[in-house]
Amino acid sequence: MANPRRIGLLGGTFDPVHIGHLRGALEVAEFMALDELRLIPSARPPHRETPQVGAQDRLAMVEQAVVGLSPLQVDDRELKRDKPSYSIDTLESLRGELAADDQLFLILGWDAFCGLPAWHRWDELLQHCHILVLQRPDAGSEASEPLRDLMAARNVADPLALNGPAGQISFIWQTPLAVSATQIRSLLASGRSVRFLVPDAVLAYINTHGLYRG
């Protein structure tokens, strides 16, 4: 019998995708020995402002960014939905395609994790996946009481000890690269270079299509 597959999920607007997203994803994929880590561009994120560029451009940039990075894949299912990008819908859809014992790991930054109680059907997420929280030294948000209760019940100290297909939470310490999509959009809007902040293929795409200019 085949071993269960280990699949990571990292959602985001990727407006644009940059080296911080990619380096962080690669580190998690290697540390967790994932078979694949899927980058999932969101169409209409319920908790964030509307992305500056359209879904097809953001998808194309992520596809360009992961060429040759075998554990990193792109999953465009949220862009095909005609409604807000709810993680619970994505997880249910993915689960329907996987073997019952395949492991899903939803990767969240600390700030996103702290906002979890505001998510659509948030209390059902762990029925479908484990949650990996990226802990960073600059984490500023406070976990709410419902979240602290959840952590007390479901936290596993060692991320490599997460077992079964779903149901647990663990933390991965990660040194962030000081780069953000907001900063990149600002540089581009003012005509400055973003070389080495995004992969060369993404920069070429931005230049070819005149994205984020002024």
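Remember, predicted model here, so these are calculated numbers, not experimental data. Counting of residues starts from 1 at the beginning of each chain's written sequence and follows it residue by residue. Confidence filtering applies because this is a predicted model: local features only for residues at pLDDT of at least 70, side-chain atom pairs given and counted only at 80 or more, and all residues used for totals across whole chains, interfaces and linings. Where side-chain values are given, they derive from all heavy atoms of the structure, hydrogens and water being excluded.

Undergrad: Looking at this structure, I do not really get helix α2 (residues 55–65). What am I missing?
TA: One full turn of an α-helix is made of 3.6 residues, so residues set three or four places apart face in the same direction. The cut-offs for exposure are 20% and 50% of the maximum accessible area for each residue type, with area from a 1.4 Å probe on protein chains only; residues under the lower value are buried, those over the upper are exposed, and the others partly exposed. Secondary structure elements follow DSSP: runs of H or I no shorter than four residues count as helices, runs of E no shorter than two count as strands, and numbering proceeds from the N terminus. Every buried residue of α2 is accounted for by Arg-58, Leu-59, Ala-60, Met-61, Val-62 and Ala-65. Throughout, a contact is declared for two residues whenever any of their heavy atoms are within 4.5 Å. Tucked into the core, α2 has its buried residues touching α1 (19–31), β2 (36–41), β3 (72–74) and α7 (200–209).

Undergrad: Got a minute to help me understand the environment of Gly-164 in this structure?
TA: Here Gly-164 shows up in the loop between α5 (145–154) and β6 (169–173). With a relative accessible area of 35%, Gly-164 lands in the partly exposed category. Along the backbone, Gly-164 and Asp-102 are 62 residues apart, and their C-alpha atoms lie at a distance of 7.9 Å. Excluding residues that lie within four positions of it along the chain, Gly-164 makes contacts with Gln-103 and His-130.

Undergrad: What exactly am I supposed to notice about the packing of aromatic side chains here?
TA: Given two aromatic rings, their pairing is described by the distance between the two centres and the angle made by the two planes. Centres within 6.5 Å make a pair out of two Phe, Tyr or Trp rings, where for Trp the six-membered ring is used; the pair is then stacked when the planes are under 30 degrees apart, edge-to-face when over 60, and tilted otherwise. Per the counting criterion, the structure on display carries 3 aromatic pairs. Between the aromatic rings of Trp-110 and Phe-113, the centroid separation amounts to 5.8 Å while the plane-to-plane angle is 40 degrees, which identifies the pairing as tilted. Of the two residues, Trp-110 and Phe-113 both sit in helix α4 (residues 110–114), 3 residues apart, roughly one turn of that helix. What makes Trp-110 buried here is its relative accessible area of 13%. For Phe-113, a relative accessible area of 0% corresponds to the buried category. Aromatic side chains Phe-113 and Phe-171 sit 6.0 Å apart centroid to centroid with 85 degrees between the ring planes, which places their arrangement in the edge-to-face category.

Undergrad: So what exactly am I meant to see when it comes to the pattern of salt bridges here?
TA: Oppositely charged side chains can pair when the atoms bearing their charge come close. Every case where a carboxyl oxygen of Asp or Glu lies within 4 Å of a side-chain nitrogen of Lys or Arg is listed as a salt bridge. Evaluated as defined, the whole model comprises 12 salt bridges. Linking Lys-80 and Asp-76 is a salt bridge whose minimum nitrogen-to-oxygen distance equals 3.3 Å. With relative accessibility at 66%, the residue Lys-80 sits in the exposed group. Of the residues examined, Asp-76 reaches a relative accessible area of 24% and is grouped as partly exposed.

Undergrad: Hey, could you run me through the sheet that holds strand β4 (residues 103–109) in this one?
TA: Taken in spatial order, the 6 strands make up an open sheet running β3-β2-β1-β4-β5-β6, and their pairing is parallel. The open sheet is flanked by β3 and β6, the only strands paired with a single partner. Going from strand to strand, the sheet's axes swing by 30 degrees on average, the running direction of each strand aside. Where strand β5 (residues 130–135) lies against β6, 5 bridges are found, and the strand directions are parallel. Paired with Val-133 across the strands is Phe-171, a residue of β6. Helix-sheet contacts for α1 involve β1 (6–12), β2, β3, β4, β5 and β6, and the interaxial angle to β2 is about 150 degrees. Axis geometry follows a simple rule: fit a line to the C-alpha atoms, using only the stretch in contact for helices, then measure angles between N-to-C directions, giving values from 0 to 180 degrees. Contacts between α2 and the sheet are confined to β2 and β3, with β2 contributing the most and set at about 160 degrees to the helix. Two strands form a pair only when DSSP identifies at least two bridges running between them.

Undergrad: Could you clarify how one ought to interpret α5 in this entry?
TA: Taken residue by residue, α5 has Leu-147, Leu-150 and Met-151 as its buried positions. One face of α5 carries all of its buried residues, which in axial projection span an arc of 100 degrees. Exposed residues lying more than 90 degrees from the buried face of α5 are Glu-145, Ala-152 and Ala-153. Contacts from the buried residues of α5 go to α4 and β6. As used here, the arc belongs to the directions running from the helix axis to the C-beta atoms.

Undergrad: Would you take a moment to explain the packing of α2 against α7 for this structure?
TA: In a packed pair of helices, the relevant descriptors are the angle between the two axes and the axis-to-axis distance. Remark: α2 packs on α7, axes separated minimally by 8 Å, with the N-to-C direction vectors making an angle of 150 degrees. Accordingly, the angle class assigned to the pair α2 and α7 is roughly antiparallel. The element α2 and its partner α7 pack so that their crossing is right-handed. Every residue of α7 that contacts α2 at Gln-56, Asp-57, Ala-60, Met-61, Gln-64 and Ala-65 is listed here: Ala-201, Val-202, Tyr-205, Ile-206 and His-209. Any angle that is under 35 degrees is reported as roughly parallel, and any over 145 degrees as roughly antiparallel; angles of 65 to 115 degrees are reported as roughly perpendicular and all others as oblique. Each crossing is labelled by how the near helix is turned from the far one, with a counterclockwise turn of less than a right angle marking it left-handed and a clockwise turn marking it right-handed.

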